[in-house]
Amino acid sequence: MLNTLAVDLSNNRPALTNRKYLALAIPLIISTLTTPLLGAVDTAVVGHLSDPVFIGGVAVGSLIFSQLYWLLGFLRVSTSGFTAQAKGANNREELFYSFIRPFLLAAMLGCFFLLIQSPIKWVAFSIIQSSEGVYVQAANYFDIRIWGAPFALINYVILGWLVGSSQIRITVFSQIFINVLNIILNVVFVLNFNLGVQGVALASLIAEISSVVIGLVILWKLNMIPKDLNTQWKKLFQHGPFVKMLQVNRDLFIRTVCLLTVFTMFTSKSGQMGEVELAANAILYQLHLILAYFISGFSNASSILIGRAVGGKQIDLYDATVKMSAKWGGIAAVTLTLLLLLFSDWILPLFTSIEEVLLMANQFMYWLLLFPLVSFWGLQLYGIFTGATEGRPLRNSIILSLLIFLISYYVFVPILGNHGLWLAFILFSLARSIFLWPYLLSLKSKCFTNGVG
């Protein structure tokens, strides 16, 4: 049996301490950071080529897959929430169902993307406005990367199940291995074999396939599939749990559509401003992802603990988790802002050696400093609500936040240009925290209406 790193809150239910919370959060932060760091490496590798069009090509190509995969990011999030609740209730059958249901859905959706890849590319390039050179590079990236769609979505489900069942050490090691592989292949394909943007896409494709192979081997080693499999299949599409999964995923899907609307408009407008502006914003956007994913490590820890609390009817664990989430999310936000302020002159040259891009990125760095401060509470609330598998508040709050972005976008961008674009994005991030917060007041009573453990 593979080793796990889990917080033992099941038997005597000891109090949740800072040490126990961080023991769960820190490995999740490490695992979570591998995703934006990989995107940062992609940007940095092509950023040291001779033309900013390569950065733009990777930025646009990556955005297309960010849209596709983030649109279905609920597969990982909901899987984690349902798995954590099954773990908290000590229900081994439901642990199996919490994996196999979204696994089948992910496989079908991934294959569907392969079938409609040409329409996807046409629609994406129709929406994202940029130069012809950027289009050519983005198309080269897309034509290779699209073949990893089924593997990327299945990997979401595998990671969600591992995180929800507190197999944190395994998750960290597997993620680090896959992303280190991706980084090595990036460097080899781009800098050694001179494959350019196509090398970046090929490295990602190989890593996505490898991640699924390794993940399935891990699940097999964990004996995740019950022995009486024939009887289990009869319950696979049981009406109540299956409908609940679809409802949560529907709300999370709508939330993701709103997020991707913002990110698409942001990148599209950056492309319209010029190749240098697009490259500068792409670098700052990658830094924003690193900040967001770092803070989301605490959010993921809270999601697991909230799921355990709801599944096991442990109201004390619920209360303690909400407090820990606010405390450590806030500490992380302030710390990240200070580090970025102190070391920005050292960080930006890691992404590109093109002087005009560096100068442009420096002009807008101060907007990025605001991001952790205005967004951390919304990210923590996201973890709390996904752990409770309550998607409707997430859906409603993000729709309101999108309205704030759209109003700000059309008011400030014509006046302030790229500064207006960043202002609209910061206001959107702040609104995500403000509009979701009131729902927290009723969440506790809803989760524990039938009594507590």
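Scroll up to find the structure this text is about.
Everything in this summary refers to the structure shown in the same document.

1. Section: the overall build of the protein
So, step 1. Scanning the protein for helices and strands turns up 17 helices and 0 strands.
So, step 2. Here the protein holds 453 residues, and 60% of them are scored as buried.
So, step 3. Counting contacts in the protein only where the partners sit at least 6 residues apart, residues at least 24 apart contribute 85% of the total.
So, step 4. When the accessible area of the protein is evaluated, it comes to approximately 18,700 Å², of which 67% is carbon and sulfur surface.

2. Considerations on the packing of helix α4 (residues 92–115) against helix α7 (residues 149–164)
So, step 1. The N-to-C vectors of α4 and α7 enclose an angle of 165 degrees; their axes lie 7 Å apart at closest approach. Between α4 and α7, the crossing angle belongs to the class labelled roughly antiparallel. Crossing hand, α4 versus α7: right-handed. On α7, the residues that touch Leu95, Ser98, Phe99, Pro102, Phe103, Ala106, Ala107, Leu109, Gly110, Cys111, Phe113 and Leu114 of α4 are Ala149, Pro150, Leu153, Ile154, Val157, Ile158 and Trp161.
So, step 2. Within the contact of α4 with α7, the residues separate by chemical class into 17 nonpolar, 2 polar and no charged.

3. Digging into the nonpolar core
So, step 1. Judged by nonpolar contacts, the single largest core of 148 residues is most densely connected at Tyr21, Leu284 and Leu287.
So, step 2. Sort the elements by how many residues they give to this core and helix α12 (residues 275–312) lands first, with 22 residues.
So, step 3. For tyrosine 21, the contacting residues outside a window of four places in its chain are Leu16, Phe298, Ala301, Ser302, Leu305, Met324, Ser325, Trp328 and Gln380.

4. Focus: α7
So, step 1. Between its first and last C-alpha, α7 extends 23 Å over 16 residues, near the 22 Å set by a 1.5 Å rise per residue.
So, step 2. Counting buried residues in α7 gives 15 out of 16 residues, a clear majority hidden from the surface.

5. Digging into the packing of aromatic side chains
In this description, a pair of aromatic rings is defined by centroid distance and the angle of the planes.
So, step 1. For the structure shown, the criterion picks out 18 aromatic pairs.
So, step 2. Centre to centre, the rings of phenylalanine 96 and tyrosine 97 are 5.9 Å apart; their planes meet at 55 degrees, and the pair counts as tilted.
So, step 3. A relative accessible area of 2% places tyrosine 97 in the buried class.
So, step 4. Taken together through their ring pairs, the aromatic side chains of Phe263, Phe266, Tyr285, Phe371, Trp422 and Phe425 make up a single cluster.
So, step 5. Sitting above the plane of the tyrosine 382 ring, arginine 255 keeps its charged end 3.8 Å from the centroid.

6. What about the pattern of salt bridges?
So, step 1. Enumeration according to the criterion identifies 6 salt bridges in this entry.
So, step 2. Among the ionic pairs, aspartate 143 bridges to lysine 121, the shortest N-O distance being 2.8 Å. In this pair, aspartate 143 is assigned in helix α6 (residues 132–145) and lysine 121 in helix α5 (residues 117–127), connecting sequence segments 22 residues apart.
So, step 3. Residue classification places aspartate 143 among the partly exposed residues on the basis of a relative accessible area of 36%.
So, step 4. Ionic pairing is found between glutamate 390 and lysine 446, a salt bridge with its closest N-O pair at 2.9 Å. Here glutamate 390, found in the loop between α14 (355–387) and α15 (392–416), pairs with lysine 446, found in helix α17 (residues 440–447); they are 56 residues apart in sequence, far enough to count as distant.
So, step 5. In this structure glutamate 390 comes out as buried when scored by relative accessible area, which is 14%.
So, step 6. Note on lysine 446: relative accessible area 54%, which makes it exposed.
So, step 7. Among the ionic contacts, a cluster of salt bridges with common partners joins Arg250, Asp251 and Arg395.

7. Section: the environment of isoleucine 158
So, step 1. Residue placement: isoleucine 158 occurs in helix α7.
So, step 2. Classification of isoleucine 158 by relative accessible area gives buried; the value is 1%.
So, step 3. Measuring from C-alpha to C-alpha, the distance between isoleucine 158 and threonine 79 comes to 8.6 Å, with 79 residues separating the pair along the chain.
So, step 4. Setting aside chain neighbours within four positions, we find isoleucine 158 in contact with Phe99, Val212, Gly215, Leu216 and Leu219.

8. Side note on the packing of α12 against helix α16 (residues 418–436)
So, step 1. Running from amino to carboxyl end, α12 crosses α16 at an angle of 20 degrees, the nearest separation of the two axes being 13 Å. Judged on the interaxial angle alone, α16 and α12 are roughly parallel. Seen from above, α12 lies across α16 with right-handed handedness. Taken together, the residues of α16 that come into contact with α12 (itself represented by Asn281, Leu284, Tyr285 and His288) are Asn418, Leu421, Trp422 and Phe425.
So, step 2. Tallied by class, residues from the contact of α12 with α16 come to 5 nonpolar, 3 polar and no charged.

9. Some remarks on the side chain of serine 165
So, step 1. Mapped onto the secondary structure, serine 165 falls in the loop between α7 and α8 (168–192).
So, step 2. Classification of serine 165 as buried rests on a relative accessible area of 4%.
So, step 3. Those residues in contact with serine 165 that lie beyond four places of it in its chain are Thr83, Lys87 and Arg308.

10. Some words on a nonpolar patch on the surface
So, step 1. There is a patch of nonpolar side chains on the surface, built from Ile26, Ile30, Ile176, Val180 and Ile184 and spanning about 390 Å² of accessible area.
So, step 2. Those elements that provide at least two residues to the nonpolar patch are α1 (18–47) and α8.
So, step 3. In terms of residue count, the dominant contributor to the nonpolar patch is α8 (3 residues).
So, step 4. Relative to the elements of secondary structure, isoleucine 176 occurs in helix α8.

11. Topic: unusual backbone geometry
So, step 1. Of note in the backbone geometry, lysine 313 takes a positive phi value of approximately 55 degrees without being a glycine.
So, step 2. We note that threonine 389 has phi near 50 degrees; this positive angle belongs to a residue other than glycine.
So, step 3. Looking at the secondary structure, you find threonine 389 in the loop between α14 and α15.

Thresholds, definitions, all that
Residues numbered from 1 in each chain as written. Predicted model: local features only at pLDDT ≥ 70, side-chain atom pairs only at ≥ 80, totals over all residues. Heavy atoms only, no water. Helix = DSSP H or I, 4+ residues; strand = E, 2+ residues; numbered from the N terminus. Buried < 20%, exposed > 50% of the residue type's maximum accessible area, 1.4 Å probe, protein only. Contact = heavy atoms within 4.5 Å. Areas by Shrake-Rupley, 256 points an atom, 1.4 Å probe, with all protein chains shown as cover. Axes fitted to C-alpha atoms, helices over the stretch in contact; angles between N-to-C directions. Parallel < 35°, antiparallel > 145°, perpendicular 65-115°, else oblique. Left-handed = near helix turned anticlockwise from the far one by under 90°. Nonpolar A, V, L, I, M, F, W, Y, C, P; charged D, E, K, R; others polar. Core = buried A, V, L, I, M, F, W, Y, C linked by side-chain atoms within 4.5 Å. Expected span 1.5 Å × (residues − 1). Phe/Tyr/Trp six-rings, centres within 6.5 Å; stacked < 30°, edge-to-face > 60°. Lys NZ or Arg CZ within 6 Å of the ring centre and 35° of its normal. Salt bridge = Lys/Arg side-chain N within 4 Å of Asp/Glu carboxyl O. Patch = residues over 30% accessible without salt bridge, like charges linked within 9 Å, V, L, I, M, F, W, Y side chains within 5 Å.

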